[in-house]
Amino acid sequence: MREDRPVDLVDRATSVLRANDRGRYTVPAGHLYPHQWAWDSAFAAIGSVVDVDRAVIELESLLASAWSDGRVPHIRFHDPTGVYFPGPAFWGTHDRSSISQPPVWAAAARRVLDRGGDPDRVRALIEPIARSHEWFLAARDPSDIGVVAVGHPWESGMDNSPAWNAAMQAIDPASAPPFERVDQQHVTDAAQRPTDDDYRRYAALVTEIAGNGFGLGSFVVYDPGMSAILAWADGELATLADALDETGVAVAARRRRDRVTAGLVDHLWDDSLGRFVFLDALAGATCTSNVISAYLPLLVDLPDEVATALRAGLDHDFSTPFPLPTTSPADPAFDPVGYWRGPMWVNVNWLLDAPLGGRLRERTLELVEERGCREYFDPLNGAGLGADDFTWTAAIALDWLSG
Ligand code: 2M8
């Protein structure tokens, strides 16, 4: 751990991870999210700096939840007493959801190996990781253009991003079966959570997907953020596979990475805007929301002029006192406290820290130190929002503090 940092944050973040540890998996937040979420679980493994064996177990349990077609469910419901809506019955399954989430598990496995994780156990993770990446290209690219779509806003991990507004209009909220939200019992300020109308559309889409064999429903939006994370994850997988002499896996991963990177530039780059755009695969419409996902392709190797334009766009449109906002204040939909509509999320800063030359981590750590391991933060005044004692905020602090 770094010596100039008060030991306090290390202690606090470690106790958050301990409190949210359920043995073989870590919940994102004890009350609000009482199950195993895919990318939260991978971030928990990234932060399990001092207990690398526990991090291996986290990834083993995450990947053991995969469907037979390779998809890693965005939620695995382990605990029948964990109150959450929508539960497995709503998904039409026994114990897991049928959509996925941004695949950050290859990056987690790579760090776990670097930190001394058992090579044989990490090697056993490689195949399910590769299959989960293949699944995105097989099941989430209906137009076969080399980038991937999300089949539900929840699949993106950025649930309420304004980028989904137009496409969600295709979902009839009145078609949702009756349900009761439970999230508002834990976060009582309604301004910080999705609206009831959002929830009716989310629920209606889950019901549609459950009724049609767990494929795609009436929401299919090509997402530069998900595509970029997938391409980057394949780069991470290739490096991991190289380290374990799994040459065939590494070659295939680099091939996928290059195909998705090319697909991003060919199909989702907008030169006049200087950022990536979203493509509604069903309506054929482009969505130009100025949100952080439009810049996530900085995770991969882009042509110089594209990377330069993205960096300039971030400097110009995303500089707030507590960066990075998830929606630009220049976008009419910007809301500094709205769920995924403006607040800073620490995992997004973790993803973009290295592409931006390491300039985000120190300010983010200062904020977490001051305001605690909150779920998200107001990018204008730094206020902590959403759940308290949030796993990935703690985990990423520990990862960064470990150097
Ligand atoms: C949020 O999503 C869930 C639905 O999956 C919810 O709102 O109930 C998102 O922030 C998502 O990215 C995250 O993985 C999940 C658990 O932290 O919460």
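Rules of the game
- Residues numbered from 1 in each chain as written.
- Predicted model: local features only at pLDDT ≥ 70, side-chain atom pairs only at ≥ 80, totals over all residues.
- Near = placed C-beta within 6 Å.
- Nonpolar A, V, L, I, M, F, W, Y, C, P; charged D, E, K, R; others polar.
- Axes fitted to C-alpha atoms, helices over the stretch in contact; angles between N-to-C directions.
- Helix = DSSP H or I, 4+ residues; strand = E, 2+ residues; numbered from the N terminus.
- Parallel < 35°, antiparallel > 145°, perpendicular 65-115°, else oblique.
- Left-handed = near helix turned anticlockwise from the far one by under 90°.
- Contact = placed C-beta atoms within 7 Å.
- Expected span 1.5 Å × (residues − 1).
- Pairing = 2+ DSSP bridges.

Description of the site of the ligand
Argument step 1. The environment of the ligand is formed by Pro28, Tyr33, Trp37, Trp39, Asp40, His74, Trp154, Gly157, Asp159 and Asp183.
Argument step 2. The class makeup of the residues in the shell around the ligand is 5 nonpolar, 2 polar and 3 charged.

Things to note about the packing of helix α3 (residues 52-64) against helix α5 (residues 105-114)
Argument step 1. Taken N-terminus to C-terminus, the directions of α3 and α5 make an angle of 150 degrees; their axes are 10 Å apart at the nearest point. Here α5 runs roughly antiparallel to α3, going by the angle between their axes. In terms of crossing hand, the pair formed by α3 and α5 is left-handed. Counting all contacts with α3, which are made through Val52, Ala55, Val56, Leu59, Leu62 and Leu63, the residues of α5 involved are Trp105, Ala108, Ala109 and Val112.

Let's talk about the environment of Asp118
Argument step 1. Positionally, Asp118 belongs in the loop between α5 and α6 (119-139).
Argument step 2. Between the C-alpha atom of Asp118 and that of Val56, which follows or precedes it by 62 residues, the distance is 8.0 Å.

As for helix α9 (residues 196-211)
Argument step 1. In this model α9 runs 22 Å from its N-terminal to its C-terminal C-alpha over 16 residues, within 8% of the 22 Å that 1.5 Å per residue would give.
Argument step 2. Looking at the buried side of α9, the elements it contacts are α4 (88-91), α7 (153-156) and α8 (165-168).
Argument step 3. Positive phi appears at Gly213, one or two residues downstream of α9, with a value of about 85 degrees.

Here's the deal with the packing of α5 against helix α10 (residues 224-243)
Argument step 1. In contact at an axis separation of 8 Å, α5 and α10 are set at 30 degrees when each is read in the N-to-C sense. Relative to α10, the element α5 is oriented roughly parallel. Considering only the axes of α5 and α10, their crossing is left-handed. Where α5 abuts α10, its residues Ala106, Ala107, Ala109, Arg110 and Leu113 lie against Ala233, Glu236, Leu237, Thr239, Leu240 and Ala243.
Argument step 2. When the residues that make up the contact of α5 with α10 are grouped by side-chain class, the tally is 8 nonpolar, 1 polar and 2 charged.

Quick notes on the sheet that holds strand β7 (residues 278-280)
Working definition: the strands of a sheet are paired by backbone hydrogen bonds and lie parallel or antiparallel to each other.
Argument step 1. Strand order across the open sheet formed by 4 strands is β3-β4-β7-β8, with antiparallel pairing between neighbours. Both edges of this open sheet fall to β3 (149-150) and β8 (286-287), since each of them pairs with a single strand only.
Argument step 2. Of the pairings in the sheet, the one linking strand β4 (residues 221-222) to β7 comprises 2 bridges and is antiparallel in character. Pairing of Tyr222 across the sheet is with Leu279, part of β7.

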